[in-house]
Structures are given as C-alpha cells and as structure tokens.
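# Structural characterization, general
Chain residues, written in single-letter form:
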Amino acid sequence: MLMPLPATLRRLVKEYETLLAEETLAGVADPSRRLRDLAYTLCVSTGTREITAALDAARSFLANVPASTHGTAAAMTARDESLAAVAAAKPSWEAARSRRAAGAPSPTRRDLTPRPGHRPAVPSGASAGTGSGR
C-alpha cells in the first residue's frame, strides 16, 4: 500500500488532533467541515475506514519511519509555505469577477485578431486555395 510522506502524515495527524481538541473544548456538537476533511484524508492515506484506525495506523507508520526521512518535515514546510505564497499571489475569483463586471477584459482570454503575416489554420476537409473566388 502506498503511504504519504511522513512529514505530510505527521502534519495531518497534528492538525486533526489540534482541531479536535479545540472543538471539544468549545463544546461543538457537530464536527467542522475541516475536521471531517482531515478525517477523510487520514482514512484514505492509511487505507482505513474509521478515524481511530487511521490514527493508529498513522502513528504506527510514523513510529517505524527511518531517521533519514525525519529531515523532510522542514522541506515540506518550506514547500507548503511557497505554495501558500503562490496561491496568495493569484487573483481571487471575486477579483476576476469584479474586473469582468467593470468591463475589463479577462486576463486569460487570448486576443483573437490575426497577427500580421499569420495565416489561420485551415479547417479539416477544406483546402487552402478553394472557395476564395480569386
């Protein structure tokens, strides 16, 4: 069975346990969406169907991880931080929607006017020299 990177699994377990403790202390009746997502991810990652079994499997797996892979936590944290920075730099859907509503062109739309010297592609089944009447 495939297992996630130890640093990722460690982060998932820690986040799940922290959020569970926070919600338990707050007296939350129903688990939050994030807590349910973490439980699902842990179950899928460990090949189990219940969160208690997933946590047991994750802890067992992490206890048997060789010491050489423990250094990947810093690399994963740096990777997560860089991904977060990239995501923060992207314009949000709301910003794009408001630009469109204001009449600004979409930044992803290509300009469809032909460039000078550019010959458009001929549709399949048509020949380049026919139909022009010249």
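Quick summary incoming for the structure in this document. (Residues numbered from 1 in each chain as written. Predicted model: local features only at pLDDT ≥ 70, side-chain atom pairs only at ≥ 80, totals over all residues. Heavy atoms only, no water.)

The next subject is the overall build of the protein chain. A count of helices and strands for the protein chain gives 5 helices and 0 strands. If you take every contact in the protein chain between residues at least 6 apart in sequence, the share linking residues at least 24 apart comes to 54%. For the protein chain, the computed accessible surface area is about 10,500 Å², with 59% contributed by carbon and sulfur atoms. (Helix = DSSP H or I, 4+ residues; strand = E, 2+ residues; numbered from the N terminus. Contact = heavy atoms within 4.5 Å. Areas by Shrake-Rupley, 256 points an atom, 1.4 Å probe, with all protein chains shown as cover.)

With that out of the way, let us pick up helix 1 (residues 6-26). Along its 21 residues, helix 1 runs 30 Å from first to last C-alpha, staying within 8% of the 30 Å computed at 1.5 Å per residue. Positive phi appears at G27, one or two residues downstream of helix 1, with a value of about 75°. (Expected span 1.5 Å × (residues − 1).)

Quick look at the nonpolar core now. Judged by nonpolar contacts, the single largest core of 15 residues is most densely connected at L9, V13, Y16, L38, L42 and L55. Elements supplying a minimum of two residues to this core: helix 1, helix 2 (33-46) and helix 3 (51-63). (Core = buried A, V, L, I, M, F, W, Y, C linked by side-chain atoms within 4.5 Å. Buried < 20%, exposed > 50% of the residue type's maximum accessible area, 1.4 Å probe, protein only.)

Okay, the pattern of salt bridges next. Applying the stated rule across the entire model yields 4 salt bridges. Between R11 and E15 there is a salt bridge, with the nearest N and O atoms lying 3.9 Å from each other. Of this pair, R11 and E15 are both found in helix 1, 4 residues apart, which corresponds to roughly one turn of the helix. A residue is classified by how much of its surface remains accessible, and R11, at 36% relative accessible area, is partly exposed. You can call E15 partly exposed: its relative accessible area is 28%. A salt bridge links E17 to R59; its shortest N-O distance comes to 2.2 Å. (Salt bridge = Lys/Arg side-chain N within 4 Å of Asp/Glu carboxyl O.)

Under the 1.5 Å per step criterion, the end-to-end length of helix 2 is 20 Å for 14 residues, consistent within 8% with the ideal 20 Å. Those residues of helix 2 that sit buried are L35, L38, A39, L42, C43, S45 and T46. Down the axis of helix 2, the buried set is contained in an arc of 165°. They therefore lie on one face. Exposed side of helix 2, more than 90 degrees from the buried face: R33, Y40 and V44 are the residues found there. Where helix 2 is buried, its residues meet helix 1 and helix 3. Looking at the residues trailing helix 2, positive phi occurs at G47, about 75°. (Arc of directions from axis to C-beta.)

Keep in mind that these numbers describe shape and distance, not what the molecule does.
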